[in-house]
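Observations on the model geometry
Chain by chain, the residues run as shown.
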Amino acid sequence: MPMLDVEVIDDPAAAVVALDPVRARLLAELAEPASAATLAERVGLPRQKVNYHLRTLEAHGLVRVAEERRWGGLTERLLVATAASYVVSPDALAEAAADPARATDRLSARYLIALAARLVREVGELVRQAGEARKRLPTFALDTEIRFRTAHERAAFVDDLTNAVTDLVSRYHAGSASGGRWHRLVIATHPIKHEEAQ
């Protein structure tokens, strides 16, 4: 089974396990298969303690057995993380999760965060279902950076973008098409720190 680029954790117990600092470090170390003895040496912990954490990670589906090696009468298990990185879904917070429907100010940064949370929740679930059905999920993402000279130009850009999206949606939206499939379109912009700019 290939390692996923990103796995969405929606189970509250698995989220608690993954957020433990020692276990998070072990998950990072398990980008490549390793034994408990190898990991113990890398992270500077007793092998028994590492084994305990590995069993917990395995019980919550965050690591899996990659290989078993036999040395005489002993079996050494090499474990690997199920993904290169993880995101905790808002579903892990149940009713306390961010929900854009509860936002009072749709122009606020908090509304944007709630939209991003919904995106993680919805796409995480769809990816899981597509994986179980052995199908590819049709998605599209566009990520870029733009530097505006003035706040006036930023506002003009938002107006132009809104008009362009409205035109595209009116052209392609077929609300009553039989056999059609609904898609969610989210467009967001936010400032970034200067050092984060590419």
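All of the points below concern the structure found in this document. Since we're looking at a predicted model, the values are computed, not measured.

**Quick notes on helix α4 (residues 47–59)**
Along its 13 residues, α4 runs 18 Å from first to last C-alpha, staying within 8% of the 18 Å computed at 1.5 Å per residue. Of the positions making up α4, those classed as buried are Val 50, His 53, Leu 54, Thr 56 and Leu 57. Along the axis of α4, the buried residues cluster in a sector spanning 160 degrees; they form a single face. Away from the buried face of α4 by more than 90 degrees, exposed residues Gln 48 and Ala 59 are located. Looking at the residues trailing α4, positive phi occurs at Gly 61, about 70 degrees.

**Here we look at the layout of surface pockets**
One number sums up the size of the second largest pocket: a volume of about 1,200 Å³. Considering the residues around the second largest pocket, the lining is formed by 31 residues, among which Leu 4, Val 6, Glu 7, Val 127 and Arg 128 are closest to the centre. Elements that contribute at least two residues to the lining of the second largest pocket include exactly β1 (4–9) and α5 (109–132). The residue inventory of the lining of the second largest pocket, partitioned by class, reads 15 nonpolar, 6 polar and 10 charged.

**A look at the environment of Pro 12**
Along the chain, Pro 12 falls in helix α1 (residues 12–19). It is 8.4 Å that separates the C-alpha atoms of Pro 12 and Ala 94, two residues lying 82 residues apart in sequence.

Conventions used here
Residues numbered from 1 in each chain as written. Predicted model: local features only at pLDDT ≥ 70, side-chain atom pairs only at ≥ 80, totals over all residues. Heavy atoms only, no water. Helix = DSSP H or I, 4+ residues; strand = E, 2+ residues; numbered from the N terminus. Expected span 1.5 Å × (residues − 1). Buried < 20%, exposed > 50% of the residue type's maximum accessible area, 1.4 Å probe, protein only. Arc of directions from axis to C-beta. 1 Å grid on protein atoms, 1.4 Å probe; cavity = no way out; pocket = protein on both sides within 12 Å on 5 of 7 lines; lining within 4 Å. Points joined across faces, edges and corners; volume = space filled by probe spheres on them. Nonpolar A, V, L, I, M, F, W, Y, C, P; charged D, E, K, R; others polar.

Such coordinate-based values are descriptive only and should not be taken to indicate function.
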